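Here are the chains, one letter per residue:
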Amino acid sequence: MSNGAREGGHPVLQMVDVGRHFLQGENQISILNGANFTLDAGETVALVAPSGTGKSTLLHLAGLLERPDDGDIIINGEACGHLPDERRTAIRRSEIGFVYQFHHLLPEFTALENIMMPQLITGLPKAEASERAAQLLDYMRIGHRAGHRPSELSGGEQQRVAIARAVANAPLILFADEPTGNLDPETAGYVFEALDALVRESGLSAVIATHNHDLASLMDRRVTLQDGLVVELT
Ligand SMILES: Nc1ncnc2c1ncn2[C@@H]1O[C@H](COP(=O)(O)OP(=O)(O)OP(=O)(O)O)[C@@H](O)[C@H]1O
């Protein structure tokens, strides 16, 4: 599952003085306010913070799904905050994988096809995309479910397909927003462990938001959000 040319040590993500502010009624609330965060190549970080403090906001900014109001997001040395949409999309497709709390799989396609999709979008031939998708399904121990649609899969299986899809293009960074938040504790445990193993064997860097402290303890570092800042947990 190696993704080849990814070396350890240098920062793959830098959030520099990032601000994100929302209007709620008459008031402006600052969810992030001068937040700084660095993720090194090959490093895994758990983002553990109470509901509503801004975990999704941070992941959406870092994953180039939204733009910061202040500061910048630097992916592998390239400042992305003010890039045109097309360049941000290209970086997102090649460098970033995203897993959501609810799988967000395409309902009309099989597990295999869902994992092939991001590869086909980047121009990989169908046979290669299919082979990689099958390998990932085997790795996640659901090879026998390749031909099933999402509605025919259990919650744990759906999330394993979503994880496989997120890493299909061998991204530099994987972001996961409560990837096991919708699963019972036992299923959450094995899905999280499968995610952790895949990330480590691929040499990926990852930021994973979770409420679960046991699962967070599997990561290299833990951070939280406090008063609009990213704070290290000891
Ligand atoms: N587009 C928006 N407009 C206004 N307020 C927003 C917007 N997006 C997020 N917020 C607010 O920002 C705060 C943080 O939201 P966010 O979804 O990032 O929190 P979270 O920590 O991921 O929560 P949860 O664990 O419940 O998913 C919330 O109060 C939310 O209502």
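Everything quoted here is computed from the prediction, not taken from an experiment.

Enquirer: Please clarify how the overall build of the protein chain should be interpreted in this entry.
Expert: Counting its regular elements, the protein chain contains seven helices and 10 strands. Since a compact globule built from 234 residues should have a radius of gyration of about 17 Å, the 17 Å found for the protein chain is in line with a globular shape. Its C-alpha atoms give the protein chain principal-axis dimensions of about 50 × 40 × 40 Å. By residue count, 49% of the 234 residues in the protein chain fall in the buried class. A sequence separation of at least 24 residues applies to 70% of the contacts in the protein chain between residues at least 6 apart. Accessible area of the protein chain: about 10700 Å², with a carbon and sulfur share of 49%. Measuring between centres, the 18 positive side-chain charges of the protein chain sit 5 Å from its 31 negative side-chain charges.

Enquirer: What's the story with the site of the ligand in this structure? I'm lost.
Expert: Around the ligand sit Phe22, Gln24, Ile31, Pro50, Ser51, Gly52, Thr53, Gly54, Lys55, Ser56, Thr57 and His211, and those are all the residues in its vicinity. One nitrogen or oxygen atom from the main chain of Gly54 is found 2.9 Å from an oxygen atom belonging to the ligand. Here an oxygen atom of the ligand and a backbone polar atom of Ser56 are 2.8 Å apart. Coverage of the ligand by the protein chains reaches 61% of its 640 Å² of free accessible surface. When residues of the shell around the ligand are traced back to their parent elements, those giving at least two are strand 1 (11-24) and helix 1 (55-62). Ranked by residue count, the leading element in the shell around the ligand is helix 1, at three residues. When grouped by side-chain class, the residues that make up the shell around the ligand number three nonpolar, eight polar and one charged.

Enquirer: Even after reading the chapter, I still don't get the sheet that holds strand 3 (residues 44-47), so can you show me in this structure?
Expert: Each strand in a sheet pairs with another by means of backbone hydrogen bonds, the pair being arranged parallel or else antiparallel. With respect to topology, six strands assemble into an open sheet ordered 6-7-8-3-9-10, the strand pairing being mixed. Since the sheet does not close on itself, it has two edges, and those belong to strand 6 (96-99) and strand 10 (229-233), each with one partner. Ignoring which end each strand starts from, the neighbouring axes of this sheet average 20 degrees apart. Pairing analysis gives four bridges linking strand 6 to strand 7 (residues 173-177), with the strands arranged parallel. Each bridged residue has a counterpart across the sheet, and for Val99 the counterpart in strand 7 is Ala176. Seen against the sheet, helix 1 touches strand 3, strand 6, strand 7, strand 8 (205-209), strand 9 (221-226) and strand 10 and runs at an angle of roughly 155 degrees to strand 7. Lying over the sheet, helix 5 (residues 155-167) contacts strand 6 and strand 7, oriented at roughly 170 degrees with respect to strand 6.

Enquirer: So what exactly am I meant to see when it comes to the UniProt feature "domain: ABC transporter" (unreviewed entry) in the protein chain here?
Expert: Sites flagged by UniProt as "domain: ABC transporter" (unreviewed entry) map to residues 13-233. As annotated, residues 13-233 has a helix share of 36% and a strand share of 29%, and its two end C-alpha atoms lie 19 Å apart.

Reading guide: rules and limits
Residues numbered from 1 in each chain as written. Predicted model: local features only at pLDDT ≥ 70, side-chain atom pairs only at ≥ 80, totals over all residues. Heavy atoms only, no water. Helix = DSSP H or I, 4+ residues; strand = E, 2+ residues; numbered from the N terminus. Rg over C-alpha atoms; globule rule 2.2 N^0.38 Å. Buried < 20%, exposed > 50% of the residue type's maximum accessible area, 1.4 Å probe, protein only. Contact = heavy atoms within 4.5 Å. Areas by Shrake-Rupley, 256 points an atom, 1.4 Å probe, with all protein chains shown as cover. Lys, Arg positive; Asp, Glu negative; His and termini not counted. Charge placed at Lys NZ, Arg CZ, Asp CG, Glu CD. Near = heavy atom within 4 Å. Polar contact = N/O pair within 3.5 Å; in protein donor to acceptor, adjacent residues only side chain to side chain. Nonpolar A, V, L, I, M, F, W, Y, C, P; charged D, E, K, R; others polar. Pairing = 2+ DSSP bridges. Axes fitted to C-alpha atoms, helices over the stretch in contact; angles between N-to-C directions. UniProt positions renumbered as here; feature names shortened; annotations may be inferred.

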